[in-house]
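Working through the structure, step by step
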Amino acid sequence: LGKPSSTLVFTLTLAASLGVCSTYIAFIGQTLSSLSSDPTSNKFIHQLAPNLPETTWEFLTALTVLPLSLMRNYGIFAFTSALGV
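All figures in this text were calculated on a predicted structure; none of them were measured in a lab.

1. Overview of the overall build of the chain
Helix and strand counts for the chain stand at four helices and zero strands. Expressed as a percentage of its 85 residues, the buried residues of the chain come to 12%. Accessible surface, the chain as shown: approximately 6,700 Å² in total, 71% of it carbon and sulfur.

2. What to know about the side chain of Ser33
Summarising the element assignment, Ser33 is placed in helix α1 (residues 3–36). We classify Ser33 as buried; its relative accessible area is 13%.

3. Quick look at α1
Relative to the 50 Å expected for 34 residues at 1.5 Å per residue, α1 spans 49 Å between its end C-alpha atoms, a close match to the ideal helical length. Along α1, the positions that sit buried rather than exposed are Gly29, Leu32, Ser33 and Ser36. Tucked into the core, α1 has its buried residues touching α2 (44–48) and α3 (54–69).

Thresholds applied
Residues numbered from 1 in each chain as written. Predicted model: local features only at pLDDT ≥ 70, side-chain atom pairs only at ≥ 80, totals over all residues. Heavy atoms only, no water. Helix = DSSP H or I, 4+ residues; strand = E, 2+ residues; numbered from the N terminus. Buried < 20%, exposed > 50% of the residue type's maximum accessible area, 1.4 Å probe, protein only. Areas by Shrake-Rupley, 256 points an atom, 1.4 Å probe, with all protein chains shown as cover. Expected span 1.5 Å × (residues − 1). Contact = heavy atoms within 4.5 Å.

Okay, here's the thing in structure tokens:
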């Protein structure tokens, strides 16, 4: 099929990956924002950071996820597998 098809597949795969990642960050931001702004519940998130806007939660989520996505070896987190047993 050639070079143009290869470029198209790469571009569509990249677009789909960026879409999924941005949707994940938006979902986590919305969830943490709703937990943060709920005064009736005594959740840890509300006590930690009350009434933070959704965009702040999305930014904090991106700051957390980006370094994790750049790691080449996740062996440092192997101890967490033992914690779940």
